[in-house]
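# Coordinate analysis (summary)
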Amino acid sequence: TKSNMKFVLAVAAACLLSCVLAAPPAAQSDAQVLRFDSDVQPEGYKFALETSDGKKHEEQGQLKNVGTEQEAIVVRGSYSFVADDGQTYTVNYIADENGFQPEGAHLPNV
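Residues numbered from 1 in each chain as written. Predicted model: local features only at pLDDT ≥ 70, side-chain atom pairs only at ≥ 80, totals over all residues. Heavy atoms only, no water.

### Considerations on the environment of Ala72
With respect to the helices and strands, Ala72 occurs in strand 4 (residues 72–82). Given the relative accessible area of 15%, Ala72 is considered buried. Ala72 sits 25 residues away from Glu97 along the chain, and the two C-alpha atoms are 6.9 Å apart. (Helix = DSSP H or I, 4+ residues; strand = E, 2+ residues; numbered from the N terminus. Buried < 20%, exposed > 50% of the residue type's maximum accessible area, 1.4 Å probe, protein only.)

### Examining unusual backbone geometry
Trans is the common state for peptide bonds, and a negative phi is the common state for residues other than glycine. Residue Asn65 is not a glycine yet carries a positive backbone phi of 55°. Here Asn65 is to be found in the loop between strand 3 (56–64) and strand 4. For Asn65, a relative accessible area of 39% puts it in the partly exposed group.

### Structural notes on the sheet that holds strand 2 (residues 44–51)
Ordered in space as 1-2-3-4-5-6, the 6 strands form an open sheet in which the pairing is antiparallel. Sheet topology places strand 1 (33–41) and strand 6 (99–103) at the edges, where each strand pairs with a single neighbour. Ignoring strand direction, the axes of neighbouring strands in this sheet form an average angle of 10°. For strand 5 (residues 88–96) and strand 6, the ladder comprises 5 bridges, and the chain directions are antiparallel. Each residue of the ladder has a partner; that of Ile94, found in strand 6, is Gln101. (Pairing = 2+ DSSP bridges. Axes fitted to C-alpha atoms, helices over the stretch in contact; angles between N-to-C directions.)

### Section: the pattern of salt bridges
The final tally for this structure, using the stated rule, is 4 salt bridges. Asp37 is the salt-bridge partner of Arg35, the closest N and O atoms lying 2.9 Å from each other. A salt bridge links Arg35 to Glu58; the nearest nitrogen and oxygen atoms lie 3.5 Å apart. A residue pair is termed long-range when its members are at least 10 positions apart, and Arg35 in strand 1 and Glu58 in strand 3 qualify at 23 residues. Residue Arg35 is classed as partly exposed on the basis of its relative accessible area of 32%. Here the residues in one salt-bridge network are Arg35, Asp37 and Glu58, joined through shared partners. (Salt bridge = Lys/Arg side-chain N within 4 Å of Asp/Glu carboxyl O.)

### Looking at the packing of aromatic side chains
Summed over the entire model, instances satisfying the criterion amount to 5 aromatic pairs. Pairing Tyr45 with Phe47 gives two aromatic rings, centres 6.5 Å apart and planes at 10°, and the pair type is stacked. In this structure Tyr45 comes out as buried when scored by relative accessible area, which is 5%. Centre to centre, the rings of Tyr93 and Phe100 are 5.4 Å apart; their planes meet at 40°, and the pair counts as tilted. What makes Tyr93 buried here is its relative accessible area of 8%. (Phe/Tyr/Trp six-rings, centres within 6.5 Å; stacked < 30°, edge-to-face > 60°.)

And the structure:
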């Protein structure tokens, strides 16, 4: 139902945000939040987060086929981070009824 999907959206956004804000390794524990934008609507959400240690995460989710038996959420986003080797890695992704589909120059193509 529509109210169930709203709840799912809210829980998904909260889970993703908690993962992003989870305590980083000790060497990066002084990272500060530079930007945090969030907009949660009845049929979708979006957020953007950037920290002083080079991490960035942007995501938006939208319900499709609202009110039908095929109602589903489609999530698109990207995140980037600076790895121990000093390189910045970026992952672009979509998650929908076909599963989680990440893409990145450092990821193998399947």
